[in-house]
Amino acid sequence: MISKNHILGFLVGGVVGGALGILFAPKSGKELRQDIRGKSEDFYEKAKGKYDETVTKVEDVMKLAKDSLADKKVRLGKGIEAGVSAYKQ
């Protein structure tokens, strides 16, 4: 099974490998800086998209958990009322 550390290692390795590839490419300084700027902007946009996607998923899970908890609270209250009513009879 692939753990978080493996995934993080692959991501960091990919970023480092890509950066080294860009730095050692036979280009002029101006072209290299443009490439680095473009790649960093692409990386930023992808990371921002993943962040937004993750936030949305977490919010959805939290809403489901909140709804489930509220339902269980109502059901528990009804169960307690039924138990008290049965005890009184």
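Cut-offs applied
Residues numbered from 1 in each chain as written. Predicted model: local features only at pLDDT ≥ 70, side-chain atom pairs only at ≥ 80, totals over all residues. Heavy atoms only, no water. Axes fitted to C-alpha atoms, helices over the stretch in contact; angles between N-to-C directions. Helix = DSSP H or I, 4+ residues; strand = E, 2+ residues; numbered from the N terminus. Parallel < 35°, antiparallel > 145°, perpendicular 65-115°, else oblique. Left-handed = near helix turned anticlockwise from the far one by under 90°. Contact = heavy atoms within 4.5 Å. Nonpolar A, V, L, I, M, F, W, Y, C, P; charged D, E, K, R; others polar. 1 Å grid on protein atoms, 1.4 Å probe; cavity = no way out; pocket = protein on both sides within 12 Å on 5 of 7 lines; lining within 4 Å. Points joined across faces, edges and corners; volume = space filled by probe spheres on them.

**Here we look at the packing of helix H1 (residues 4-23) against helix H2 (residues 29-88)**
Packing of H1 against H2 leaves a shortest axis separation of 10 Å and a crossing angle of 160°. Here H2 runs roughly antiparallel to H1, going by the angle between their axes. Crossing of H1 against H2: the hand is right-handed. Contacts from Val15, Ile22 and Leu23 in H1 reach Leu32, Asp35, Ile36, Lys39 and Phe43 in H2. Its residues assigned to classes, the contact of H1 with H2 comprises six nonpolar, no polar and two charged.

**Thoughts on the layout of surface pockets**
Put simply, the largest pocket is a space of about 320 Å³. Gly14, Val15, Gly18, Ala19, Ile22, Leu23, Ile36, Lys39, Ser40, Asp42, Phe43 and Lys46 together form the lining of the largest pocket. Broken down by secondary-structure element, the contributors of at least two residues to the lining of the largest pocket are H1 and H2. Here the residues of the lining of the largest pocket are counted per class, giving six nonpolar, three polar and three charged.

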